[in-house]
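Structural overview for review
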Amino acid sequence: MAQVELEADNVLTGEEEDESLLLSMSSSSNKLQTREGWWTTFVLNDGCWMDRQAAMSVSLVRAQFVPRDDDVLLATYPKCGTTWLKALSFAIANRHRHPVVSASDHPLLTQSPHDLAPFIELPFRHIHPLAAALDAIPSPRLLGTHMPHHLLPPRIGCRIVYLCREPKDVVISTWHFMNKVIEGFSIDFDKAFELFVDGCSPFGPIWNHYLGYWNKHVEEPDRVLFLKYDDMMADPAGHVKKLAEFLRVPFTDDEVDAGVVEEVVRLCSFEKLSRLPVNSSVVAGRIGVDERPMKNSVFFRKGKVRDWKNYLTEEMAKKLDAAIEEKLKGSGLTL
Ligand code: PAP
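Worth saying up front: this structure is predicted, and the values here are computed from it rather than measured.

1. Side note on the overall build of the chain
Summing up its helical and strand segments, the chain has 16 helices and ten strands in all. Burial analysis of the chain (335 residues in total) assigns 56% to the buried set. When the accessible surface of the chain is summed, it comes to about 15,000 Å², and 51% of that surface belongs to carbon and sulfur atoms.

Here it is, written out as structure tokens:
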């Protein structure tokens, strides 16, 4: 973190209205460090890089979100499989209300996983209506977040499922995503890669994000489940069972015999979800990273492990691997 702070190139003065609100909610300082980020200036918000809108949103969530003990928070660093985790968790938790076997009217067939397990911090500045919408969701709520653990609202004590992913695949996925959702996105991949390795990426450094939740998982394994995208891809059925146990709705032997686990895997697979009209062609009412409407299709690209091999040079791969290894050293977390 010290390294990132040293490289910050200037400070905000709080001139704009949004920024002064942000500053008034910020935990300590009256100045936020900034740096040219991927598509706009990023601010360092309590050790976490994000654009100003995200920083506003984080501050507003911390001030306004009313947590419940029976919430389940689905937490991810962006592009680590959030959409998949939301779909799986929703399908598992609601399977008695919405059976997955031979279902023709399952909510996942007509709604985006992001609408079935909404983010607590989006859409950015417009948190007031969102806070009311979140309040209206009956318990137990499934909610998503990209916020690092240390920035979560102070009173959150609910169970958390965290999903991480091989960072080399994350940087590739993020690059493609930003190209789709940010108008005029223009920095070249090499520059974005360097920023990522330096820790300056949306909600980065990625290693701090991973470690924040990893350390909580080590402290409280029954409250914080820690999953890896690559492992889930290798054994989706095993992870669906594990997730069900954590969500306190384990599969019965009869369900296992009837193939319910495999049906959940199939319903939530990339192949199934990405081909549904709601996820492939519909323009969602969702406000995106730069506050423009965003299509649900932006959440589906390839859904593969090791796609980085098609983009990174050997040298780049080694550089990122070395940075991650150094940052995770001694934590017990391996990727
Ligand atoms: P978010 O963090 O922006 O909310 P997130 O779902 O984490 O979105 O990112 C999308 C990634 O998950 C994409 O990865 P890719 O760019 O490497 O392809 C997307 O393809 C992948 N993804 C989306 N749905 C699924 C799924 N059902 N199974 C596996 N991967 C998925």
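Once the structure has been displayed, the description carries forward.
2. Topic: the side chain of aspartate 198
Assignment of secondary structure puts aspartate 198 in the loop between helix H8 (189-197) and helix H9 (206-219). Of the residues examined, aspartate 198 reaches a relative accessible area of 18% and is grouped as buried. At 2.9 Å, the side chain of aspartate 198 forms a polar contact with the side chain of arginine 35.

3. Quick look at the environment of tryptophan 84
Assignment of secondary structure puts tryptophan 84 in helix H4 (residues 82-93). Along the sequence, tryptophan 84 and phenylalanine 300 sit 216 residues apart, while their C-alpha atoms lie 9.7 Å from each other. Among all residues touching tryptophan 84, those that are not within four sequence positions of it are Tyr229, Met232, Met233 and Cys268.

4. A short note on the pairing of strand S3 (residues 41-45)
For S3, a buried count of five out of five residues is recorded, marking the element as mostly surrounded by other parts of the structure. Of the two faces of S3, the one holding Thr41, Val43 and Asn45 and the one holding Phe42 and Leu44 are both buried throughout. By the bridge criterion, three bridges tie strand S2 (residues 33-36) to S3 in an arrangement that is antiparallel. Bridge assignment links arginine 35 to a residue of S3, and that residue is phenylalanine 42. Hairpin connection, S2 to S3: the antiparallel pair is bridged by four residues. Between S3 and strand S4 (residues 48-51), which pair antiparallel one after the other, the connecting turn spans two residues, and aspartate 46 there sits at a positive phi close to 50°.

5. Let's talk about the site of the ligand
In the region of the ligand, 22 residues are neighbours, and Lys79, Thr83, Ser173, Arg301 and Lys302 sit closest. In this structure, an oxygen atom belonging to the ligand sits 2.7 Å away from a side-chain N or O atom of lysine 79. Here arginine 165 contributes a side-chain N or O atom positioned 2.9 Å from an oxygen atom of the ligand. Protein burial of the ligand: of its 640 Å² of free accessible surface, 98% is covered by the chains.

6. What about the nonpolar core?
For soluble globular proteins, nonpolar side chains are generally found buried alongside one another. Counting 101 residues, the largest nonpolar core has Trp38, Met50, Tyr77, Val161, Tyr210, Leu243 and Val264 as the members making the most contacts within it. With residues up to four places along the chain from it excluded, the contact list for valine 264 reads Leu88, Ala91, Ile92, Val100, Val240 and Phe251.

7. With respect to the environment of leucine 151
With respect to the element layout, leucine 151 can be found in the loop between strand S6 (142-145) and strand S7 (159-164). By relative accessible area, leucine 151 is classed as buried at 2%. In this structure, the C-alpha to C-alpha distance between leucine 151 and asparagine 45, residues 106 residues apart in sequence, is 8.9 Å. Those residues in contact with leucine 151 that lie beyond four places of it in its chain are Asn45, Asp46, Cys48, Met50, Val58 and Arg62.

8. A word on the packing of H4 against helix H11 (residues 236-246)
H11 packs onto H4 with a crossing angle of 60° between their chain directions and a minimal axis gap of 10 Å. What the angle tells us is that H4 and H11 run oblique. Here H4 and H11 pass one another in a crossing that is right-handed. Facing Leu85, Leu88, Ser89 and Ile92 of H4, the residues of H11 in contact are Val240, Leu243 and Ala244. Its residues placed into classes, the contact of H4 with H11 shows six nonpolar, one polar and no charged.

Thresholds, definitions, all that
- Residues numbered from 1 in each chain as written.
- Predicted model: local features only at pLDDT ≥ 70, side-chain atom pairs only at ≥ 80, totals over all residues.
- Heavy atoms only, no water.
- Helix = DSSP H or I, 4+ residues; strand = E, 2+ residues; numbered from the N terminus.
- Buried < 20%, exposed > 50% of the residue type's maximum accessible area, 1.4 Å probe, protein only.
- Areas by Shrake-Rupley, 256 points an atom, 1.4 Å probe, with all protein chains shown as cover.
- Polar contact = N/O pair within 3.5 Å; in protein donor to acceptor, adjacent residues only side chain to side chain.
- Contact = heavy atoms within 4.5 Å.
- Pairing = 2+ DSSP bridges.
- Near = heavy atom within 4 Å.
- Core = buried A, V, L, I, M, F, W, Y, C linked by side-chain atoms within 4.5 Å.
- Axes fitted to C-alpha atoms, helices over the stretch in contact; angles between N-to-C directions.
- Parallel < 35°, antiparallel > 145°, perpendicular 65-115°, else oblique.
- Left-handed = near helix turned anticlockwise from the far one by under 90°.
- Nonpolar A, V, L, I, M, F, W, Y, C, P; charged D, E, K, R; others polar.

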